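Chains, contacts and geometry: an overview
So the chains spell out like this:
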Amino acid sequence: MYKSTIYPSVKAQISDILITASETDTLDSLAFKYYKDPTLWWIVASVNNVGKGRLSVTPGTQLRIPVDIVSILNEFKQLNQ
């Protein structure tokens, strides 16, 4: 039996890093750069409301990168037990 993955809602925080996306940035490459794990792309997508069906990011887009992801990952685990 397959289960759907439930992602938590990620809210902007004062501690978030603000970046401007370059031509080579994708959600998974940003997750790898900041979290050392490309599978955490959904955190960047959720807080920025981007990535609907794709990992690419429009160059020049200002993005928030959450720094404190422990609580986000704990909520993800609870939602998908």
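Use the structure listed above.
Definitions and cut-offs
- Along every chain, residues carry numbers that run from 1 in the direction the sequence is written.
- Per-residue local features are limited, in this predicted model, to residues with pLDDT of at least 70; the limit for side-chain atom pairs, both in listing and counting, is 80 or more; totals at the level of whole chains, interfaces and linings are taken over all residues.
- Based on all heavy atoms of the structure, the side-chain values leave hydrogens and waters out of the count.
- The set of buried Ala, Val, Leu, Ile, Met, Phe, Trp, Tyr and Cys residues whose side-chain atoms join them within 4.5 Å is what this entry labels a nonpolar core.
- Relative accessibility thresholds used throughout: buried, under 20% of the residue-type maximum; exposed, over 50%; partly exposed, between the two (1.4 Å probe, protein chains only).
- Starting at the N terminus, helices and strands are each numbered in turn, a helix being any DSSP run of H or I of at least four residues and a strand any DSSP run of E of at least two.
- We call two N or O atoms a polar contact when they sit within 3.5 Å, provided that within protein one can donate a hydrogen and the other can accept it, with sequence-adjacent residues counted only if both atoms are side-chain atoms.
- Contacts are assigned to residue pairs that have any heavy atoms within 4.5 Å of one another.
- Think of it this way: a Phe, Tyr or Trp ring, Trp meaning its six-membered ring, pairs with another when their centres are within 6.5 Å, and the plane angle makes it stacked under 30 degrees, edge-to-face over 60, tilted otherwise.

**Remarks on the nonpolar core**
Membership of the largest hydrophobic core comes to 18 residues, with the highest contact counts inside it found for Tyr35, Leu40, Trp42, Ile43, Leu63, Ile69 and Ile72. For this core, the secondary-structure elements that each account for two or more residues are α1 (27-35), α2 (41-48) and β2 (62-65). Looking at this core element by element, the count peaks at five residues for α2.

**Examining the side chain of Asp25**
Examined against the element boundaries, Asp25 turns out to sit in the loop between β1 (17-20) and α1. Reaching out from Asp25, the side chain makes a polar contact with the backbone nitrogen of Ser22 at a distance of 2.8 Å. When residues no more than four places from it in sequence are discounted, the contact partners of Asp25 are Thr20, Leu30 and Val57.

**Regarding the packing of aromatic side chains**
This structure, assessed with the given rule, holds four aromatic pairs. With 4.9 Å between their ring centres and 25° between their planes, Trp42 and Phe76 make a pair best called stacked. Taken together, the positions of Trp42 in helix α2 and Phe76 in helix α3 (residues 70-79) put the pair 34 residues apart, joining distant regions of the chain. Taken together through their ring pairs, the aromatic side chains of Tyr7, Trp41, Trp42 and Phe76 make up a single cluster.

**Structural notes on the environment of Ile69**
In this structure, Ile69 sits in the loop between β2 and α3. Its relative accessible area of 13% is what places Ile69 among the buried residues. Here the alpha-carbon distance between Ile69 and Thr5, two residues 64 residues apart in the chain, equals 18 Å.

**A few points about the side chain of Asp16**
Summarising the element assignment, Asp16 is placed in the segment before β1. Its relative accessible area of 10% is what places Asp16 among the buried residues. A distance of 3.0 Å separates a polar atom in the side chain of Asp16 from the backbone nitrogen of Gln13. Leave out the neighbours within four places in its chain, and Asp16 touches Lys11, Val47, Arg64, Ile65, Pro66 and Val67.

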